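What the coordinates show
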Amino acid sequence: MEIHKARTQGFCFGVELTYRKALAETAERSDVHTMGNIVHNPIIVQELEQRGLHNVESLDEVSSGTLFVRAHGLPPQTIQAAEAKGLRVVDATCPMVTRTQRLAKKLHEEGRTVVILGDPNHPEVKGIAGYAPGCIILNEWPADETEIRRARRIAIVAQSTLNGDTFRDLVGRIAAINYEVRVYNTICSDTQGRQKSARELAEEVDTMIVIGGSKSANTRHLAEIAQSRGVTAHLIENAGDLRREWFRGDERVGIATGASTPGFLADDVIDKLLEWFPDAQAVGV
Ligand code: SF4
């Protein structure tokens, strides 16, 4: 068996930045709060909780201290409410997400109908939507075609981790039924690179192991990409989730990781496979 790693591994730069800021904040203060998980990886969330980063569901739970804005960002209304309460706000939103938030705000102010392609329940999408009141959020087709048909001066942006195939598909469908459509591909460069390397790896392997948080959209999309290329993909959070029977008869196994997956988790998976299959070889690792 050969074990291959996708070219792009480890934290993306946005998660790295947020993680480092969180380490610095928790080293200096004990009353630091974040609304929702700081990133979609349970290992990182747990580590930062142990360092004193308190996860809250609502601002009502925070009466003083710091609101630490996570990588996916928050709606501006939440940040304003925190400031109005006298909380210190530390913005650790990934710069790529901030760029999309600003773009959505500008497009909204120009009088355009902002269409966000992404998961309406994802915190990043909720945050962006806060900058463009009245926007349309679209995850799949069929959508409410009447709403799209009637919308004036559509401007499309996307969740940073959207699957590129989904983006192209939805843009095409919207453009087919509305006269004026402006498109901004705001899928971040790290996501595009990660998807590309997962796609290339899927062409070469029999089974793909995708490592990341079960709630991580970008991790899920990597598994979807591999599956769409006819490869069996297993999504796991760590080496403990591996099943030996997944690999019977496999000649080549690929390993891809999500944007908030620390690099050592891929090494743990390789170690486990080498333990189970002593003749296996980690190629180019
Ligand atoms: S995946 Fe992209 S947008 Fe999301 S945190 Fe990483 S760099 Fe930022």
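Rules used in this analysis
Residues numbered from 1 in each chain as written. Predicted model: local features only at pLDDT ≥ 70, side-chain atom pairs only at ≥ 80, totals over all residues. Heavy atoms only, no water. Helix = DSSP H or I, 4+ residues; strand = E, 2+ residues; numbered from the N terminus. Rg over C-alpha atoms; globule rule 2.2 N^0.38 Å. Buried < 20%, exposed > 50% of the residue type's maximum accessible area, 1.4 Å probe, protein only. Contact = heavy atoms within 4.5 Å. Areas by Shrake-Rupley, 256 points an atom, 1.4 Å probe, with all protein chains shown as cover. Lys, Arg positive; Asp, Glu negative; His and termini not counted. Charge placed at Lys NZ, Arg CZ, Asp CG, Glu CD. Pairing = 2+ DSSP bridges. Right-handed = clockwise from strand over helix to strand, strands pointing away. Domains from an automatic or database assignment. Buried area = accessible area lost by both parts, 1.4 Å probe. Salt bridge = Lys/Arg side-chain N within 4 Å of Asp/Glu carboxyl O. Polar contact = N/O pair within 3.5 Å; in protein donor to acceptor, adjacent residues only side chain to side chain. Nonpolar A, V, L, I, M, F, W, Y, C, P; charged D, E, K, R; others polar. Phe/Tyr/Trp six-rings, centres within 6.5 Å; stacked < 30°, edge-to-face > 60°. Lys NZ or Arg CZ within 6 Å of the ring centre and 35° of its normal.

1. Regarding the overall build of the chain
Each helix and strand in the chain was counted, giving 10 helices and 13 strands. Whereas a compact globule of 285 residues would reach a radius of gyration of roughly 19 Å, the chain reaches 20 Å, a difference of no more than 12%. Dimensions along the principal axes, computed over C-alpha positions, put the chain at roughly 60 × 55 × 25 Å. Counting over 285 residues, the chain shows a buried share of 54%. Pairs at least 24 apart in sequence give 72% of the contacts found in the chain among residues at least 6 apart. When the accessible area of the chain is evaluated, it comes to approximately 13100 Å², of which 46% is carbon and sulfur surface. If you average the places of the 33 positive and of the 39 negative side-chain charges in the chain, the two averages end up 6 Å apart.

2. Focus on the pairing of strand β2 (residues 32-35)
Here β2 shows two buried faces, one formed by Val32 and Thr34 and the other by His33 and Met35. In terms of strand pairing, β2 meets strand β3 (residues 53-56) through four bridges, oriented parallel. The residue of β3 that forms the bridge with His33 is His54. In this fold, the crossover linking β2 to β3 by way of helix α2 (residues 42-50) has right-handed handedness. Pairing between β2 and strand β4 (residues 66-69): two bridges, direction parallel.

3. What to know about the domain arrangement of the chain
Splitting the chain by domain gives domain 1 (2-10 + 190-283), domain 2 (13-93) and domain 3 (96-183). Contact residues are listed per partner, giving 11 residues for domain 2 and 11 residues for domain 3. For the pair domain 2 and domain 3, the summed buried surface comes to about 820 Å²; carbon and sulfur atoms form 61% of the total. Among the residues of domain 2 in contact with domain 3, His72, Pro76 and Thr93 are the three that bury the most area, contributing 46% of the side total. Inspection of the region where domain 2 meets domain 3 yields zero salt bridges. Inspection of the domain 2/domain 3 interface yields one residue pair in polar contact (both at pLDDT 80 or more). Taken together, the residues of the side of domain 2 that touches domain 3 break down into five nonpolar, five polar and one charged.

4. Comments concerning the pattern of salt bridges
Under the defined criterion, the tally for this structure stands at 19 salt bridges. A salt bridge links Arg88 to Glu25, with the nearest nitrogen and oxygen atoms 3.1 Å apart. One end of the pair, Arg88, is in strand β5 (residues 88-91); the other, Glu25, is in helix α1 (residues 13-28), with 63 residues separating them in the sequence.

5. Notes on the packing of aromatic side chains
Under the defined criterion, the tally for this structure stands at four aromatic pairs. Centre to centre, the rings of Phe11 and Tyr19 are 5.5 Å apart; their planes meet at 65°, and the pair counts as edge-to-face. Among the aromatic residues, ring-to-ring pairing joins Trp246, Phe247, Trp276 and Phe277 into one connected group. Here the guanidinium or amino end of Arg244 rests over the ring plane of Phe277, the centre of that ring lying 5.5 Å away.

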